[in-house]
Amino acid sequence: MSKITPFCRTFPDASDHHEPCSVATTIERHRGMLTTKELAPLLGESVKTLYNRVKRGGQPAVLIGGAVKFDPYETAAWLRSRSA
C-alpha cells in the first residue's frame with residue numbers, strides 16, 4: 001500500500017492538483033527529468049543518500065552532461081516496486 005500524502009505536491013511547471021495522492025504519483029506528474037535536489041526531499045532523504053544508491057545501481061538514473069537525472073515514470077515504477 002502506498003503512503004498517502006495530504007495533497008499532491010506540485011512542481012513549478014506542473015498543474016495544480018489538490019486530491020490526495022502517493023509520492024510515486026507526485027513524482028510521475030513531474031514534467032521533465034528530476035534532479036537530485038528535487039527528488040531527495042520527495043523521498044525524504046538526503047542528496048548524498050540518493051547519489052550513493054544510484055552509484056550502487058539500486059535506483060534507475062541517467063547521467064546527462066555530468067549531472068544525475070531521474071525519469072519520473074521510471075522513478076515512480078521503481079518506488080512502487082519497493083512498496084510491500
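Residues numbered from 1 in each chain as written. Predicted model: local features only at pLDDT ≥ 70, side-chain atom pairs only at ≥ 80, totals over all residues. Heavy atoms only, no water.

Engineer: Explanation requested: the pairing of strand β5 (residues 67–70) in the structure shown.
Structural biologist: Here β5 shows a clear split, with Val68 and Phe70 buried on one side and none of Ala67 and Lys69 buried on the other. Sheet topology places strand β3 (residues 34–35) next to β5; 2 bridges connect them, and they run antiparallel. Note on β5: the bridge partner recorded for Thr35 is Lys69. Sheet topology places strand β4 (residues 62–64) next to β5; 3 bridges connect them, and they run antiparallel. Residue pairing across strands places Val62 opposite Lys69, the latter belonging to β5. Counting the residues in the hairpin turn of β4 and β5 gives 2 residues, including Gly65, whose phi is positive at 55°. (Buried < 20%, exposed > 50% of the residue type's maximum accessible area, 1.4 Å probe, protein only. Helix = DSSP H or I, 4+ residues; strand = E, 2+ residues; numbered from the N terminus. Pairing = 2+ DSSP bridges.)

Engineer: Looking at this structure, I do not really get the nonpolar core. What am I missing?
Structural biologist: Val23, Ile27, Leu34, Leu39, Ala40, Leu42, Leu43, Leu50, Val54, Val68 and Phe70 together form the largest nonpolar core, which totals 11 residues. For this core, the elements supplying multiple residues, two or more each, are α1 (23–28), α2 (36–43), α3 (47–55) and β5. With 4 residues, the single largest contributor to this core is α2. Leave out the neighbours within four places in its chain, and Leu43 touches Ile27, Leu50, Arg53, Gln59 and Leu79. (Core = buried A, V, L, I, M, F, W, Y, C linked by side-chain atoms within 4.5 Å. Contact = heavy atoms within 4.5 Å.)

Engineer: Is there a simple way to explain the sheet that holds β4 in this structure?
Structural biologist: Each strand in a sheet pairs with another by means of backbone hydrogen bonds, the pair being arranged parallel or else antiparallel. Read across the open sheet, the 3 strands follow the order β3-β5-β4; overall the sheet is antiparallel. Each edge of the open sheet is held by one strand with a lone partner, namely β3 and β4.

Engineer: I tried to follow the side chain of Thr75 on my own but got confused; where do I start?
Structural biologist: Relative to the assigned elements, Thr75 resides in helix α4 (residues 72–82). Here the side chain of Thr75 touches Asp71 through a polar contact of 2.8 Å, landing on its backbone oxygen. Once residues lying within four places of it in the same chain are set aside, the contact partners of Thr75 are Ile27, Leu39, Gln59 and Phe70. (Polar contact = N/O pair within 3.5 Å; in protein donor to acceptor, adjacent residues only side chain to side chain.)

Engineer: Explain the pattern of salt bridges here, please?
Structural biologist: When their charged atoms lie close together, side chains carrying opposite charge are able to pair. One pass over the structure, following the stated rule, counts 2 salt bridges. Close ionic contact of Arg80 with Glu28 constitutes a salt bridge, the shortest N to O distance being 3.0 Å. Taken as a pair, Arg80 in helix α4 and Glu28 in helix α1 lie far apart in primary sequence, 52 residues in all. The class for Arg80 is partly exposed, based on a relative accessible area of 32%. Among the salt bridges present, the one from Arg53 reaches Glu45, with a minimum N-O distance of 2.2 Å. Relative accessible area serves as the criterion here: at 11%, Arg53 is assigned to the buried category. Residue Glu45 is classed as partly exposed on the basis of its relative accessible area of 23%. (Salt bridge = Lys/Arg side-chain N within 4 Å of Asp/Glu carboxyl O.)

Taken by themselves, the reported measurements are silent on function.
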